[in-house]
Amino acid sequence: HEEDLSQSILAVPMILHENIYGMVSAQSYKTNAYNRDHLYLLEVLASHAAIAIENARLFDSIQKLANIDALTKVLNRRRFFELAEQEFVRAEQSNVPFSVIMIDVDDFKQFNDQHGHKIGDAVLVLAAENLKGSLRTDDILGRIGGEEFVVALPNTPLNFALEVASRLRQAIQDANFSQHIEHETQNILNITVSVGVAEYTSNC
């Protein structure tokens, strides 16, 4: 019906630091329903809404940064143990298997001393990417030390965890790090890792 159509519309953008976050609008079924005072009030509301949205975005970013290792972009030690502990408790209470894989880049200190920390950091980044690419969505990957990574495998028995560990080790061994890192001696970038696997069961 024609009487149900809006006859007056007032709209203002939500702007903060010259960035537009959206729009706030008001509608009325009456004609000429709004004046400059209404416009001013809506602009104030839009300004506060933009600030609230930006604060929420910043809070979310800070939360994510607090959980992520700055170099490798996998979970940091604190966040890994928080999530792994949750899965351990669930395994304990639900009587389901739970496995953990420890991963250590071989001879990394010697590698760093010989080729420099910049190359060493690049190796860790690429190693983390290869590890992530070889894991399931529910698996929990974290960096817990300089060259030490760990994977928690929820609802995973030892035999399958051993297969995952072998796949991770092979993924690093097969990765062509030289292709991604500029270095005068390309053949030194053959990276290997050592892995260890443990399983928790209700029989432990």
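Scroll up for the structure.
My aim in this report is to walk through the structure given alongside it, one point at a time. The structure presented is a predicted model; accordingly, all values stated were derived computationally and were not measured.

1. Side note on the overall build of the protein chain
Step number 1: Within the protein chain, the regular secondary structure consists of five helices and six strands.
Step number 2: In sequence order, the protein chain lays out its α and β elements as β-β-α-α-β-α-α-β-β-α-β.
Step number 3: Of all 204 residues assigned to the protein chain, the portion counted as buried reaches 33%.
Step number 4: Of all intrachain contacts in the protein chain linking residues separated by at least 6 positions in sequence, the fraction that spans at least 24 positions is 63%.
Step number 5: With the model as given, the accessible surface of the protein chain reaches about 12,900 Å², and the carbon-plus-sulfur share is 51%.

2. Brief notes about helix α4 (residues 117-133)
Step number 1: End to end, α4 covers 24 Å across 17 residues, agreeing with the expected 24 Å (1.5 Å per residue, within 8%).
Step number 2: Where α4 is buried, its residues touch β3 (98-105), α3 (108-115), β4 (140-143), β5 (148-154) and α5 (158-174).

3. Here's the deal with the environment of Asp174
Step number 1: Tracing the backbone shows Asp174 in helix α5.
Step number 2: The spatial distance from the C-alpha of Asp174 to the C-alpha of Asn130 is 9.8 Å, given a sequence separation of 44 residues.

4. Here we look at the pairing of strand β2 (residues 19-28)
Step number 1: Where strand β1 (residues 8-16) and β2 come together, nine bridges link them in antiparallel fashion. Bridge assignment links Ile9 to a residue of β2, and that residue is Gln27.
Step number 2: What sits between the antiparallel neighbours β1 and β2 is a turn of two residues, in which His17 has the positive phi angle 55 degrees.

5. Topic: the nonpolar core
Step number 1: The biggest cluster of nonpolar side chains holds 27 residues, and the ones touching the most others in it are Ile101, Ile103, Phe149, Val151 and Leu168.
Step number 2: No other element matches α4, which puts seven residues into this core.
Step number 3: Residue contacts for Phe149: discarding those within four places in its chain leaves Thr72, Val74, Ile101, Met102, Ile103, Val105, Leu124, Ala128, Leu131, Leu141, Gly142 and Arg143.

6. Section: helix α2 (residues 77-94)
Step number 1: With 18 residues, α2 should cover 26 Å at 1.5 Å per step; its first-to-last C-alpha distance of 25 Å lies within 8% of that length.
Step number 2: Looking only at α2, the buried set comprises Phe80, Leu83, Ala84 and Ala91. Down the axis of α2, the smallest arc covering the buried residues is 100 degrees, so these residues share one side. Exposed side chains of α2 directed beyond 90 degrees from the buried face belong to Glu85, Gln86 and Gln93.
Step number 3: Contact partners of the buried residues in α2: β3, β4, β5 and β6 (193-200).
Step number 4: Backbone geometry just after α2 places Asn95 at a positive phi near 55 degrees.

7. Details of the packing of aromatic side chains
Step number 1: Tallied over the entire structure, the rule returns three aromatic pairs.
Step number 2: Where Phe88 meets Phe98, the ring centres are 6.3 Å apart and the plane angle is 70 degrees; that geometry is what we call edge-to-face. With Phe88 in helix α2 and Phe98 in strand β3, the pair connects residues that are ten residues apart, well separated along the chain.
Step number 3: Among the residues examined, Phe98 registers a relative accessible area of 6% and is labelled buried.

Here is what the cut-offs are and how they apply
Residues numbered from 1 in each chain as written. Predicted model: local features only at pLDDT ≥ 70, side-chain atom pairs only at ≥ 80, totals over all residues. Heavy atoms only, no water. Helix = DSSP H or I, 4+ residues; strand = E, 2+ residues; numbered from the N terminus. Buried < 20%, exposed > 50% of the residue type's maximum accessible area, 1.4 Å probe, protein only. Contact = heavy atoms within 4.5 Å. Areas by Shrake-Rupley, 256 points an atom, 1.4 Å probe, with all protein chains shown as cover. Expected span 1.5 Å × (residues − 1). Pairing = 2+ DSSP bridges. Core = buried A, V, L, I, M, F, W, Y, C linked by side-chain atoms within 4.5 Å. Arc of directions from axis to C-beta. Phe/Tyr/Trp six-rings, centres within 6.5 Å; stacked < 30°, edge-to-face > 60°.

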